[in-house]
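One letter stands for each residue in the lines below.
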Amino acid sequence: MKEKVLFEVCCGCFEDAVQAEKGGADRIELNSALFLGGLTPSIGTVQAVKNTLKIPVMCMVRPREGGFCYTDFDYETCCRDVEALLNAGADGIVFGFLKPDGTVDTDRCADFIGKIKKINPNAEIVFHRAIDVVPDVFKALDDLIDLGVTRVLTSGQRESAIKGAKTVKKMIEYASDRIDILPGGGINTQNVGEFINETGTHSVHASARSLRHDTSVCGNPEIFFGGKLNGVGIPENEYKVTDSALVQNVVAAIEAR
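Residues numbered from 1 in each chain as written. Predicted model: local features only at pLDDT ≥ 70, side-chain atom pairs only at ≥ 80, totals over all residues. Heavy atoms only, no water.

Peer 1: Is there a simple way to think about the sheet that holds strand β5 (residues 124-127) in this case?
Peer 2: Within a beta sheet, neighbouring strands are joined by backbone hydrogen bonds and run either parallel or antiparallel to one another. Read across the sheet, eight strands follow the order β7-β6-β5-β4-β3-β2-β1-β8 without closing on themselves; strand pairing throughout is parallel. Each edge of the open sheet carries a strand with a single partner, namely β7 (180-183) and β8 (203-206). Neighbour-to-neighbour, the strand axes of this sheet turn through a mean angle of 25°, independent of strand direction. Packing of helix α4 (residues 106-119) onto the sheet brings it into contact with β4 (92-95) and β5, and relative to β4 it is tilted by some 165°. (Pairing = 2+ DSSP bridges. Helix = DSSP H or I, 4+ residues; strand = E, 2+ residues; numbered from the N terminus. Axes fitted to C-alpha atoms, helices over the stretch in contact; angles between N-to-C directions. Contact = heavy atoms within 4.5 Å.)

Peer 1: Where do I start with the packing of helix α5 (residues 137-147) against helix α6 (residues 165-175) in this structure?
Peer 2: The angle between the axes and the distance between the axes are what describe a pair of packed helices. The N-to-C vectors of α5 and α6 enclose an angle of 35°; their axes lie 11 Å apart at closest approach. Between α5 and α6 lies a crossing of right-handed hand. Packed against α5, whose contacting residues are V137, F138, L141 and D142, the element α6 presents K170, M171 and Y174 at the interface. Residue classes in the contact of α5 with α6 are distributed as five nonpolar, no polar and two charged. (Left-handed = near helix turned anticlockwise from the far one by under 90°. Nonpolar A, V, L, I, M, F, W, Y, C, P; charged D, E, K, R; others polar.)

Peer 1: Would you mind showing me how to read the environment of Q157 here?
Peer 2: Here Q157 shows up in the loop between β6 (151-154) and α6. Under the relative-accessibility criterion, Q157 is labelled partly exposed at 29%. Taking the C-alpha atoms as reference points, Q157 and A130, 27 residues apart in sequence, are found 9.3 Å from one another. Ignoring anything within four residues of it in the chain, the contact list for Q157 reads I131, D132, V133, V134 and V137. Polar contacts involving the side chain of Q157 include one to the main-chain carbonyl oxygen of I131, which spans 3.1 Å. A distance of 2.9 Å separates a polar atom in the side chain of Q157 from the backbone oxygen of V134. (Buried < 20%, exposed > 50% of the residue type's maximum accessible area, 1.4 Å probe, protein only. Polar contact = N/O pair within 3.5 Å; in protein donor to acceptor, adjacent residues only side chain to side chain.)

Peer 1: Is there a simple way to think about the packing of helix α7 (residues 192-199) against helix α8 (residues 244-256) in this case?
Peer 2: Where α7 contacts α8, the axes come no closer than 8 Å and their chain directions differ by 45°. Here α8 runs oblique to α7, going by the angle between their axes. Every pair of crossing elements has a handedness; the one defined by α7 and α8 is right-handed. In contact with V192, G193 and I196 of α7, α8 contributes V250, A253 and I254. Grouping the amino acids of the contact of α7 with α8 by side-chain chemistry returns five nonpolar, one polar and no charged. (Parallel < 35°, antiparallel > 145°, perpendicular 65-115°, else oblique.)

Peer 1: How do you make sense of unusual backbone geometry when you look at a structure like this?
Peer 2: With glycine set apart, most residues show a phi of negative sign, and most peptide bonds adopt trans. Backbone geometry at A33 places phi at a positive 50°, although glycine is not the residue there. Owing to a relative accessible area of 33%, A33 belongs among the partly exposed residues under this scheme. With a phi close to 60°, Q157 is a non-glycine residue in the positive phi region.

Peer 1: Could you clarify how one ought to interpret the pattern of salt bridges in this entry?
Peer 2: A side chain with one charge can pair with a side chain of the opposite charge if their charged atoms come near. Using the criterion set out here, one finds 14 salt bridges in the structure. Between K50 and D91 there is a salt bridge, with the nearest N and O atoms lying 2.8 Å from each other. Of this pair, K50 sits in helix α2 (residues 43-52) while D91 is found in the loop between α3 (72-87) and β4, placing the two residues 41 residues apart along the sequence. The exposure class assigned to D91 is partly exposed, which follows from its relative accessible area of 27%. (Salt bridge = Lys/Arg side-chain N within 4 Å of Asp/Glu carboxyl O.)

Peer 1: Sorry, what's going on with the pairing of strand β2 (residues 27-30) here?
Peer 2: Each regular strand carries side chains that alternate between the two faces of the sheet. Burial along β2 is two-sided: R27 and E29 and I28 and L30, pointing in opposite directions, are all buried. In this structure, strand β1 (residues 6-11) lies alongside β2, joined through four bridges in parallel fashion. From the neighbouring strand, C11 faces β2, where its bridge partner is L30. As a crossover connection, the stretch from β1 through helix α1 (residues 14-23) into β2 is right-handed. Bridge count for β2 against strand β3 (residues 57-60) is three bridges, and the pairing is parallel. Within β3, the position partnered with I28 by the bridge is V57. Once the chain exits β2 it traverses α2 before rejoining the sheet at β3, and the crossover so formed is right-handed. (Right-handed = clockwise from strand over helix to strand, strands pointing away.)

Peer 1: I would appreciate a short explanation of the packing of aromatic side chains in the present structure.
Peer 2: Aromatic ring pairs are reported here in terms of the distance separating the ring centres and the angle at which the planes meet. Throughout the structure, instances matching the rule amount to eight aromatic pairs. Ring centres of Y75 and F112 lie 6.2 Å apart, and the angle between their planes is 55°; this geometry places the pair in the tilted category. On the criterion of sequence distance, the pair formed by Y75 in helix α3 and F112 in helix α4 is long-range, its members being 37 residues apart. Both residues of the pair, Y75 and F112, belong to the buried class. Arranged with centres 6.1 Å apart and planes meeting at 75°, the rings of F95 and F127 form a pair that is edge-to-face. One end of the pair, F95, is in strand β4; the other, F127, is in strand β5, with 32 residues separating them in the sequence. No difference in accessibility class separates F95 from F127, as the two residues are buried. An aromatic cluster is defined as three or more aromatic residues linked by ring pairs; in this entry it consists of Y70, Y75, F95, F97, F112 and F127. (Phe/Tyr/Trp six-rings, centres within 6.5 Å; stacked < 30°, edge-to-face > 60°.)

Structure representation (structure tokens):
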């Protein structure tokens, strides 16, 4: 009998979370602003999710886009957010603090973990893909293990976990049972089975989203409320939501490997 591989779905809103559980996800990571790589979700979103879901909910703490070396203002925001998130029922906290040189900021991480444990000693402690930009991933793993981090999300320091599969495998072997390695980035129905077999991972992280359209803004296509990429505005009438059928497909592919 094959060992179960846990499937965590990356979610950006309340509906995402509901669709993820409906599709068979084992756990979710709850964010806002997934286009920016995921920022801290609102407290209202967390409350709604926790009042509805039965599976564990990991909550992102990331106050802004653009790196992981935070100002004192940013860090105070993180500390206030983590207290509110845990009090709203978050089962775990996802975060990452780096120094200007890209190494793990162990002092700030230790302080932050202490704040988490003071509120909920049983909360899971997850270091996100900030580890994918550190200069020495194995030194970073040692630091995070010493800090008491539960799990690390990684693409193996490549654009996707698929491209970083060799490093992911090395990280899993290096970590042994000292810390959980959670691969994420570019994993989908077509490649998840081969990826699991290649790396030996016990869990995977992915989004499973489909495109929706909101026609309310179509009356004036000149207007963009968000940013632009290469001078072109991001379509204002499009957004993505987790698709329970796509989640089911990934779960089926995991089981069929």
